[in-house]
Amino acid sequence: MKTHLNRRVLGTALIAAFLTVSVAGVTNGQDKSAASAKPLKVLLVAGGCCHDYATQTQLLKKGIEARINAVVTVEFNPSKTTETRFEIYEKDNWADGYDVILHDECSANVTEQPYVGRILNAHRNGVPAVNLHCAMHSYRWGDFRSPVELGADNAGWYEMLGVQSTGHGPQAPIDIVYSDQSHPVTAGLENWTTIKEELYNNVRVFSQTQVLASGKQLTPPNKRQLKENPDAKPNEADAVVVWTNEFGPNKTKVFCTTLGHNNETVGDDRYLDLVTRGILWSTGNLTADGKPVAALVK
C-alpha cells in the first residue's frame, strides 16, 4: 500500500516536471531559436583618404553588433592616400564566407581594372553590398566627371552603386527627407538634420535606382560670389543621399548612403539605424515594417 502510494507520488512528480520543461520550451522557443541562430557575417572594408577610418570602423562595428545578431570583421588599411588598396581584394574568392560587404573605402586613384573587376565580380555574382560615403568616389578613371556610358570600362563601379557622383561642396548641415517611407529601410524613420556634412553631387541616377532620401544643404556664398554681388544669397543644393540598387544578372541587392564624413555622424544613432537596416535589407533579413527577422534580433 505504501509502495503503491510512493509510486503514484513519483509518477505525478515526473509528469509535472515534464510539463514544466515542455511549457518552458514552448514559451522560450523563439528566444532559444534566435539565440542559437548563426550571426550575420559582415565584412567592413575601410581606409584611404580624408577620413578618420580608425575611429569610424569601431563606431560601425560596435553600432551594428549592438543592433542585430551580427559579427563585423574589419579589413582596415591605415593608409591615408587615394591610392589605398586592400590585400583581401587581391584574390578572386575574397568575399567567400561573408553575407554582405560594407564598403567604406576612399580609393579614388585606384584604377587597375583587374583589381576593381575582382571587387565587382563578387557583387555581380550575388554578394550583397552596402556602400558608405567615399565609396561613391572610389575606383574611377577616364572622363568620370561626365555621365558614364552603360557598359563602358569605367562604368562598372557606378553601375554597382546606382548613382554616379564626382564631388561635394563645403561642409554644412544637411536636411534629410525620406522620400519613400513605404520601403522597409525607411519605414517609420523620421526626417532629420545632420551636423556639418558633405552633400555629394549626382551626375547620374541610374534608371533602376530606387531613391529613399534626398538631402538639401544651404551654404554661404563664396568669395567670388560676394565680390560679384555683396548681397548674394546662400547657395542651395539638393541631391539623392540614400538609395537602393540591383546589380548584375543576379540582381544583387545594393544599399548606399553618401552620408558619413564626420565621426559624429557615423556615431549618430539615426545613422547607425539606417546603415543597419541597409545591411538587413540587402541580405533579405528586413521585415516590411523595418525590423530584423527573428533570427537576427539582438
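Above this text is the structure in question.
Note that the structure is predicted; figures quoted are calculated from it, not measured. (Residues numbered from 1 in each chain as written. Predicted model: local features only at pLDDT ≥ 70, side-chain atom pairs only at ≥ 80, totals over all residues. Heavy atoms only, no water.)

K.L.:
How do you make sense of the packing of helix H3 (residues 53-67) against helix H8 (residues 269-282) when you look at a structure like this?
P.N.:
What describes two packed helices is the angle between their axes and the distance between those same axes. Here H3 crosses H8 at 70°, and the two axes come no closer than 10 Å. What the angle tells us is that H3 and H8 run roughly perpendicular. Viewed along their axes, H3 and H8 form a crossing whose handedness is right-handed. Judged by residue contacts, Leu-59, Leu-60, Gly-63, Ile-64 and Arg-67 of H3 engage Asp-269, Tyr-271, Leu-272, Asp-273, Thr-276 and Ile-279 from H8. Looking at the contact of H3 with H8, its residues break down into six nonpolar, two polar and three charged. (Axes fitted to C-alpha atoms, helices over the stretch in contact; angles between N-to-C directions. Helix = DSSP H or I, 4+ residues; strand = E, 2+ residues; numbered from the N terminus. Parallel < 35°, antiparallel > 145°, perpendicular 65-115°, else oblique. Left-handed = near helix turned anticlockwise from the far one by under 90°. Contact = heavy atoms within 4.5 Å. Nonpolar A, V, L, I, M, F, W, Y, C, P; charged D, E, K, R; others polar.)

K.L.:
What exactly am I supposed to notice about the pairing of strand E6 (residues 172-178) here?
P.N.:
With four bridges connecting them, E6 and strand E7 (residues 192-197) associate as antiparallel partners. Within E7, the position partnered with Pro-173 by the bridge is Lys-196. Where E6 lies against strand E9 (residues 210-219), five bridges are found, and the strand directions are antiparallel. Of the residues in E9, the one forming a bridge with Ile-176 is Gly-215. (Pairing = 2+ DSSP bridges.)

K.L.:
Can you walk me through the state of the cysteines in this structure?
P.N.:
Two cysteines form a disulfide when their sulfur atoms are joined by a covalent bond. What the rule picks out here adds up to two disulfides. Two residues share a disulfide in this structure: Cys-49 and Cys-50, whose sulfurs sit 1.8 Å from each other. Measuring the twist about the S-S bond at about 45°, one finds the Cys-49-Cys-50 disulfide to be right-handed. Under the relative-accessibility criterion, Cys-49 is labelled buried at 15%. Two residues, Cys-106 and Cys-134, share a disulfide whose sulfurs are 2.0 Å apart. (Disulfide = S-S within 2.5 Å. Buried < 20%, exposed > 50% of the residue type's maximum accessible area, 1.4 Å probe, protein only.)

K.L.:
Can you help me understand the nonpolar core in this one?
P.N.:
Nonpolar side chains in soluble globular proteins tend to end up buried together. Counting 75 residues, the largest nonpolar core has Tyr-89, Trp-94 and Tyr-139 as its most contacted members. With seven residues, H8 is the single largest residue contributor to this core. In this structure, Tyr-139 is in contact with Phe-86, Tyr-89, Glu-105, Ser-107, Ala-108, Val-110, Tyr-115, Val-116, Ile-119 and Trp-157, ignoring residues within four places of it in sequence. (Core = buried A, V, L, I, M, F, W, Y, C linked by side-chain atoms within 4.5 Å.)

K.L.:
Whenever I open this one, H3 confuses me. Can you help?
P.N.:
Quick reminder: α-helices carry 3.6 residues per turn. Residues three or four places apart thus point the same way. Along its 15 residues, H3 runs 21 Å from first to last C-alpha, staying within 8% of the 21 Å computed at 1.5 Å per residue. For H3, every residue scored as buried is listed here: Tyr-53, Gln-56, Thr-57, Leu-60, Gly-63 and Ile-64. What you see down the axis of H3 is that its buried residues fit within an arc of 145°, all on one side. Opposite the packed face of H3, turned more than 90 degrees from it, sit the exposed residues Lys-62 and Ala-66. (Expected span 1.5 Å × (residues − 1). Arc of directions from axis to C-beta.)

K.L.:
Quick question: what am I supposed to make of H8 here?
P.N.:
Given a rise of 1.5 Å per residue, 14 residues ought to cover 20 Å, and the 20 Å separating the end C-alpha atoms of H8 matches this to within 8%. Counting buried residues in H8 gives eleven out of 14 residues, a clear majority hidden from the surface. Where H8 is concerned, the buried positions are Tyr-271, Leu-272, Leu-274, Val-275, Thr-276, Arg-277, Gly-278, Ile-279, Leu-280, Trp-281 and Ser-282. Sitting at the head of H8, Asp-268 places a side-chain oxygen 2.8 Å from the backbone nitrogen of Arg-270. Phi for Gly-284, located one or two positions after H8, is positive at around 75°. (Polar contact = N/O pair within 3.5 Å; in protein donor to acceptor, adjacent residues only side chain to side chain.)

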